[in-house]
Amino acid sequence: MATTEANTEQTTGSGEPADQTAAADATTKGTEPEMRAVVLQSFGGANRVKVMKKTVPTPKDGEVLVRVKACGLNFLDLMTRQGSVDDCPRTPFILGTECSGYIEALGTGVEDLKVGDRVVAFQRSGTFAEAIAVPTKYVYEMPNKMTYEEGAALGVCYAAAYMMLYEVANLTKGKTLLVHSAGGNLGIAVSQLCKMVDEIKIFGTASTAKHQAINDKFDHLFDRTACDYVEAIKKIEPKGLDIVLDCLCGEDTNRGYDLLKPMGKYVLYGISNVVTGETRSFFSYARTWWNVDSVKPGKLWDENKSMSGFQFYHFLFNQGGEEAVTTVMNEIFKLHTVNILNPIIDSTYAFEEVGEAMLKMHDHKNVGKILIIPEQEPKPKPVTVTETAASEASSTDDVKEPDTPK
Ligand SMILES: NC(=O)c1ccc[n+]([C@@H]2O[C@H](COP(=O)([O-])OP(=O)(O)OC[C@H]3O[C@@H](n4cnc5c(N)ncnc54)[C@H](OP(=O)(O)O)[C@@H]3O)[C@@H](O)[C@H]2O)c1
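It should be emphasised that the depicted structure is a prediction, and the values quoted were computed from it without experimental measurement.

Regarding the overall build of the protein chain
So, step 1. Helix and strand counts for the protein chain come out as 14 helices and 17 strands.
So, step 2. For the protein chain, with 406 residues in total, the buried portion stands at 43%.
So, step 3. Pairs at least 24 residues apart make up 70% of the contacts formed inside the protein chain by residues separated by at least 6 positions.

Let's talk about the environment of V68
So, step 1. Note that V68 resides in strand β4 (residues 63-73).
So, step 2. In the structure, V68 is positioned 30 residues away from E98 in sequence and 9.9 Å away in space, judged by C-alpha atoms.
So, step 3. The residues contacting V68, other than those within four sequence positions of it, are C99, G101, T127, A129, E130, A131, I132 and P374.

Some points on unusual backbone geometry
So, step 1. Cis geometry marks the peptide bond from T91 to P92, where omega comes out at -5°.
So, step 2. Positive phi, close to 55°, is recorded for E199, a residue that is not glycine.
So, step 3. Mapped onto the elements of the fold, E199 is located in the loop between α5 (185-194) and β11 (201-205).
So, step 4. By the C-beta count within 10 Å, which is 9 here, E199 ends up exposed.
So, step 5. Despite not being glycine, N339 has its phi angle at roughly 70°, a positive value.
So, step 6. Along the chain, N339 falls in the loop between α12 (322-337) and β16 (345-349).
So, step 7. The exposed category is assigned to N339, around which 7 C-beta atoms lie within 10 Å.

Points about the sheet that holds strand β14 (residues 260-268)
So, step 1. Pairing within the open sheet is parallel, and its six strands lie in the order β12-β11-β10-β13-β14-β15. Either end of the sheet is taken by a strand with one partner, and the two such strands are β12 (220-222) and β15 (306-309). Taking each pair of neighbouring strands and ignoring which way they run, the sheet shows an average axis angle of 15°.
So, step 2. Lying over the sheet, helix α7 (residues 229-236) contacts β10 (176-179), β11, β12 and β13 (241-246), oriented at roughly 160° with respect to β12.

Considerations on the site of the ligand
So, step 1. Taken together, the neighbourhood of the ligand is formed by 29 residues, with G184, C247, G270, S272 and F312 sitting nearest.
So, step 2. Looking at the shell around the ligand, the elements with two or more residues in it are α2 (75-82), α4 (156-168), α5 and α13 (354-362).
So, step 3. Residues that form the shell around the ligand fall into these classes: 14 nonpolar, 14 polar and one charged.
So, step 4. Each of domain 1 (8-154 + 344-372) and domain 2 (157-317) gives at least three residues to the shell around the ligand.

A closer look at the packing of α4 against α5
So, step 1. Where α4 meets α5, the closest approach of the two axes is 8 Å, and the angle between their N-to-C directions is 50°. When the axis of α4 is compared with that of α5, the two are oblique. Crossing handedness for the pair α4 and α5: right-handed. Listed contacts from α5 to C157, Y158, A160, A161, Y162 and L165 of α4 are N185, L186, A189, V190 and L193.

Brief notes about the nonpolar core
So, step 1. By size, the foremost hydrophobic cluster in this structure holds 108 residues, and its most contacted members are A159 and A161.
So, step 2. With 10 residues, the top contributor of residues to this core is α4.
So, step 3. Taken domain by domain, this core gets at least three of its residues from each of domain 1 (8-154 + 344-372) and domain 2 (157-317).

Procedures and definitions
Numbers given to residues run from 1 along each chain, matching the order in which its sequence is written. Reporting of local features is limited, given that this is a predicted model, to residues whose pLDDT is at least 70; pairs of side-chain atoms are given and counted only at 80 or more, and all residues count toward the totals for whole chains, interfaces and linings. Numbering of helices and strands runs from the N terminus; a helix is a DSSP stretch of H or I covering at least four residues, while a strand is a stretch of E covering at least two. Whether a residue is buried, exposed or partly exposed follows from its count of other C-beta atoms within 10 Å of its own C-beta, namely 20 or more, 12 or fewer, or something in between, respectively; the C-beta atoms are built from the backbone. Residue pairs qualify as contacts under a 7 Å threshold applied to their C-beta atoms, which are placed from the backbone. The rule for pairing is simple: two strands pair if DSSP sees at least two bridges between them. Every angle, taken between N-to-C directions, lies between 0 and 180 degrees, and every axis is a line fitted to C-alpha atoms, over only the stretch in contact when it is a helix. Note on definitions: a residue is near a molecule or strand provided its C-beta atom, placed from the backbone, lies within 6 Å of it. Side-chain classes follow a simple rule in which Ala, Val, Leu, Ile, Met, Phe, Trp, Tyr, Cys and Pro form the nonpolar group, Asp, Glu, Lys and Arg form the charged group, and the remainder, Gly included, forms the polar group. By convention here, the domain bounds are inherited from an automatic or database domain assignment. Roughly parallel means an angle under 35 degrees; roughly antiparallel, over 145; roughly perpendicular, 65 to 115; everything else is oblique. Left-handed is the label given to a crossing in which the near helix is rotated counterclockwise from the far helix by less than a right angle, and right-handed is the label when the rotation is clockwise. Residues of type Ala, Val, Leu, Ile, Met, Phe, Trp, Tyr and Cys that are buried and joined through C-beta atoms within 7 Å form what is called a nonpolar core.

Listed below in structure tokens is the structure:
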């Protein structure tokens, strides 16, 4: 990562992003321009996340400096914080994998983008910062009318949903499909993308509290904690489903496979079942993988079923997926322009509130995307009884003040 460590901890920020002028002033004065960033200090609970001051990175050859306006929070960030992701950097590091913003400076050799362009950007980690230096191959120019909030929400989840549906599962007319976590950003992306193909019947699982908000997007919704969703789906589709998109893993992998009809396709794209408490549980991790039945190719051959997997970050950063992702992002932006894809923003949080934002996701409470906004001020905290008593005591002191000698 291009960020140099200034490492000044800051739990309350001014909320004012350092702008180009500030950066230029700092450079002429010989000081390094600073920014705020959300740093994971060590793997664990929400208290390991701190807002710190860092030096604004300098874009290298082939990179641009993006002034960040909105960041997308993903379930992966929660798992990364816990230490449940295999290939994350060593702590401390800046969290976040996606953002939107505008280009503030160009590194050498950058010709296809210019200062001022509004973009979405992906990074292995480090987007929860006021500015990031990122290679142009991970930067996508946003259409004029798209807001920064929409840009940040139309990133990883929409690209992953698009690639799973159209490239992995080969969605075509008349198919039946199940997606878990239907009320999250990716689940909603799947529901919107399915509308582009005729006569798709979509089944989803989501907590009951979300059903009303997303009812119009799915044909059938089930709360998997309150019913046997396999049995419920088989009552409606006795032969099973054509496509199962599974972000849960563990027992749900076996259920998903069993739900497939002949020629059906199962896609594993997440392991949410490993998350149980606030910190990583080795037991949940081991149990999730242990519970997955091994399926031999001969069984797939006999039963005419396919099993596949999709991991967006591995594809983009480790497996040369840049060109394919650029094509998909441009397509997603076009579909947004014609009103087919419209992300739902659940809520926005300040840098200082990233722990709270993660807690909301962990507590199954978000409908749509949670965004982190660098310029947003933290919400005032409710006054506690102790604080009220303290303030009453101090106001009593104020009343007593005239008694003191003049
Ligand atoms: N492979 C890829 O390329 C890729 C890309 C993006 C996302 N993903 C995966 O897609 C899934 C959805 O991602 P997202 O970012 O849109 O997040 P999200 O759906 O907003 O995630 C939060 C929701 O997940 C559900 N959930 C399921 N198991 C959970 C658990 N153990 N703890 C807490 N919540 C749980 C909850 O909804 P309900 O209670 O309503 O079920 C919760 O509200 C995640 O598994 C993520 O890792 C994969």
